[in-house]
Amino acid sequence: MPTRATAPDYDDFWGGFWYFRLPELFSTCVAFSLVADMGFERGDLGNWSMSIWCFCFAMTLIIVMVELWRLPSRFPFYWYNFPVTFACYAALVCLSTSIIYSIAYVQFLLYGPSRDRAIAATAFSCIASVVYALDAAWVWDWYDLTDIPCYVHTVPGLLKVLETFVAGVIFAFLSSTSLYLHQPALEWCVAVYSICFILAAVVLLLDLGEREYRLPVPVPIFQLVLTLLSVLLCISALVLWPLYQFSEELGGQPQRPSDGDCRDELTYDMCAWDQRLAVAVLTAINLLVYVADLVYWARQVSVGTEDQPRDS
């Protein structure tokens, strides 16, 4: 069985490469190339999608090179936590990019070569998301990690991946500062998203780097306090963001306009009202994830307390 300083037989590396890593490289490269070939017609959303696929391609290539040159043992942390974590994020990112790109852009393209390229790019992005998901499961099985903990294969680990991922998508929709800079309450919401993301990222990095048990407090209590803080912050954002974005009395816009970037046709920019709505929905989703995380750690603290020896 492999340990933190060793790797499994590299004869098996090529099996994983042909079945997973090569399809990942091929699908992301093709998706990137198809959209890049559209020229000015790809718009801002196309550029954003291209950056996602290009990043996934580059990171997959780096992982392949590190494993091919047998470098994992030189890292100060257990290397194989990294490709599993990246595969989880890449699966979510490619899937969300496929959905956003098809709904907000592809459907408005006129029939022709550009539309065909965009549809094909979306299809390859979906393929990449499936392969990355299979890759995450395969790495666990290939390295037989039953005695070596991998954080993202635990319930709190998957919840942290979802929390940081949803926060990243929210930041993508908040790329236009005009959505929130005009109102202090909305600026607070953006601060909340940033704080919650940082807290979740810190916990994720501590666990992946196996530093969580060096904290001065027990891990369950540390996790419970941070998650409770994130839940309270998310509740405030869930109340304030829709209130100030969609309430006419507070300067919001309750209904989707039919002019400007919100016309039912290709505008090369995403409708600002749709961005506001997407942030509100994603805030609610992230709150549910944080609540599930809070329940998990509350249970862990409760079980730990019950297991404590009692004085007679």
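Cut-offs applied
Residues numbered from 1 in each chain as written. Predicted model: local features only at pLDDT ≥ 70, side-chain atom pairs only at ≥ 80, totals over all residues. Heavy atoms only, no water. Helix = DSSP H or I, 4+ residues; strand = E, 2+ residues; numbered from the N terminus. Buried < 20%, exposed > 50% of the residue type's maximum accessible area, 1.4 Å probe, protein only. Contact = heavy atoms within 4.5 Å. Areas by Shrake-Rupley, 256 points an atom, 1.4 Å probe, with all protein chains shown as cover. Salt bridge = Lys/Arg side-chain N within 4 Å of Asp/Glu carboxyl O. Phe/Tyr/Trp six-rings, centres within 6.5 Å; stacked < 30°, edge-to-face > 60°. Core = buried A, V, L, I, M, F, W, Y, C linked by side-chain atoms within 4.5 Å. Polar contact = N/O pair within 3.5 Å; in protein donor to acceptor, adjacent residues only side chain to side chain. pLDDT = per-residue confidence, 0-100. Axes fitted to C-alpha atoms, helices over the stretch in contact; angles between N-to-C directions. Parallel < 35°, antiparallel > 145°, perpendicular 65-115°, else oblique. Left-handed = near helix turned anticlockwise from the far one by under 90°.

Looking at the overall build of the protein chain
Part 1 of the argument: Within the protein chain, the secondary structure is distributed over 8 helices and 0 strands.
Part 2 of the argument: Starting at the N terminus, the α and β elements of the protein chain follow one another as α-α-α-α-α-α-α-α.
Part 3 of the argument: Scored against the burial criterion, the 312 residues of the protein chain give a buried share of 45%.
Part 4 of the argument: Long-range contacts, defined as pairs at least 24 residues apart, comprise 75% of the intrachain contacts of the protein chain with a sequence gap of at least 6.
Part 5 of the argument: Working note: accessible area of the protein chain is about 15800 Å², and carbon and sulfur atoms make up 66% of it.

Comments concerning the pattern of salt bridges
Part 1 of the argument: Under the criterion given, the structure shown has 5 salt bridges.
Part 2 of the argument: The salt bridge partner of Asp-37 is Arg-117, with a shortest N-O separation of 2.9 Å. Placement of the pair is Asp-37 in the loop between α1 (13-36) and α2 (43-68) and Arg-117 in helix α4 (residues 113-142), with a sequence separation of 80 residues.
Part 3 of the argument: With a relative accessible area of 49%, Asp-37 lands in the partly exposed category.

Considerations on the packing of aromatic side chains
Two measures describe an aromatic ring pair: the distance that separates the ring centres and the angle between the ring planes.
Part 1 of the argument: Under the criterion given, the structure shown has 8 aromatic pairs.
Part 2 of the argument: Here the aromatic rings of Phe-86 and Tyr-132 are separated by 5.8 Å at their centres, their planes lie at 90 degrees, and the arrangement is edge-to-face. Here Phe-86, found in helix α3 (residues 81-104), pairs with Tyr-132, found in helix α4; they are 46 residues apart in sequence, far enough to count as distant. The same class applies to Phe-86 and to Tyr-132, which are both buried.
Part 3 of the argument: Aromatic ring contacts, followed pair by pair, group Trp-53, Tyr-101 and Tyr-105 into a single cluster.

Description of the nonpolar core
Part 1 of the argument: Ranked by size, the top nonpolar core spans 70 residues in total, and within it Trp-53, Tyr-101, Tyr-132, Leu-174, Tyr-193 and Trp-241 carry the most contacts.
Part 2 of the argument: Of all the secondary-structure elements, those providing two or more residues to this core are α1, α2, α3, α4, α5 (155-173), α6 (184-208), α7 (219-246) and α8 (272-307).
Part 3 of the argument: For this core, the element with the most residues is α6, which contributes 11 residues.
Part 4 of the argument: When near neighbours in sequence (up to four residues on either side) are disregarded, Leu-174 contacts Leu-179, Tyr-180, Val-190, Tyr-193, Trp-241 and Val-279.

Considering the side chain of Ser-129
Part 1 of the argument: Looking at the element boundaries, Ser-129 is found in helix α4.
Part 2 of the argument: A distance of 2.6 Å separates a polar atom in the side chain of Ser-129 from the backbone oxygen of Cys-126.
Part 3 of the argument: Apart from residues lying up to four places away in sequence, Ser-129 is in contact with Ala-91, Cys-94 and Leu-95.

Thoughts on the confidence of the model for the protein chain
Part 1 of the argument: For the protein chain, per-residue confidence averages 83 on the pLDDT scale, and 80% of positions sit at 70 or higher.
Part 2 of the argument: Mean pLDDT per element in the protein chain: α1 is the minimum at 85, and α7 is the maximum at 94.
Part 3 of the argument: Residue range residues 1-6 is modelled with pLDDT below 50. Its contacts to residues more than four positions away, or to other chains, number 15 contacts.
Part 4 of the argument: For the stretch residues 308-312, pLDDT sits under 50, and the model shows 0 contacts to residues farther than four places along the chain or on other chains.

Concerning the packing of α2 against α3
Part 1 of the argument: Axis separation between α2 and α3 bottoms out at 10 Å; the angle between their running directions is 160 degrees. As the angle between them shows, α2 and α3 are arranged roughly antiparallel. When the axes of α2 and α3 are compared, the crossing they make is left-handed. Residue-level inspection shows Leu-45, Gly-46, Trp-48, Ser-49, Ile-52, Trp-53, Phe-55, Cys-56, Met-59, Thr-60, Ile-63 and Glu-67 of α2 in contact with α3, the latter providing Phe-82, Pro-83, Phe-86, Ala-90, Val-93, Cys-94, Thr-97, Ile-100, Tyr-101 and Ala-104.

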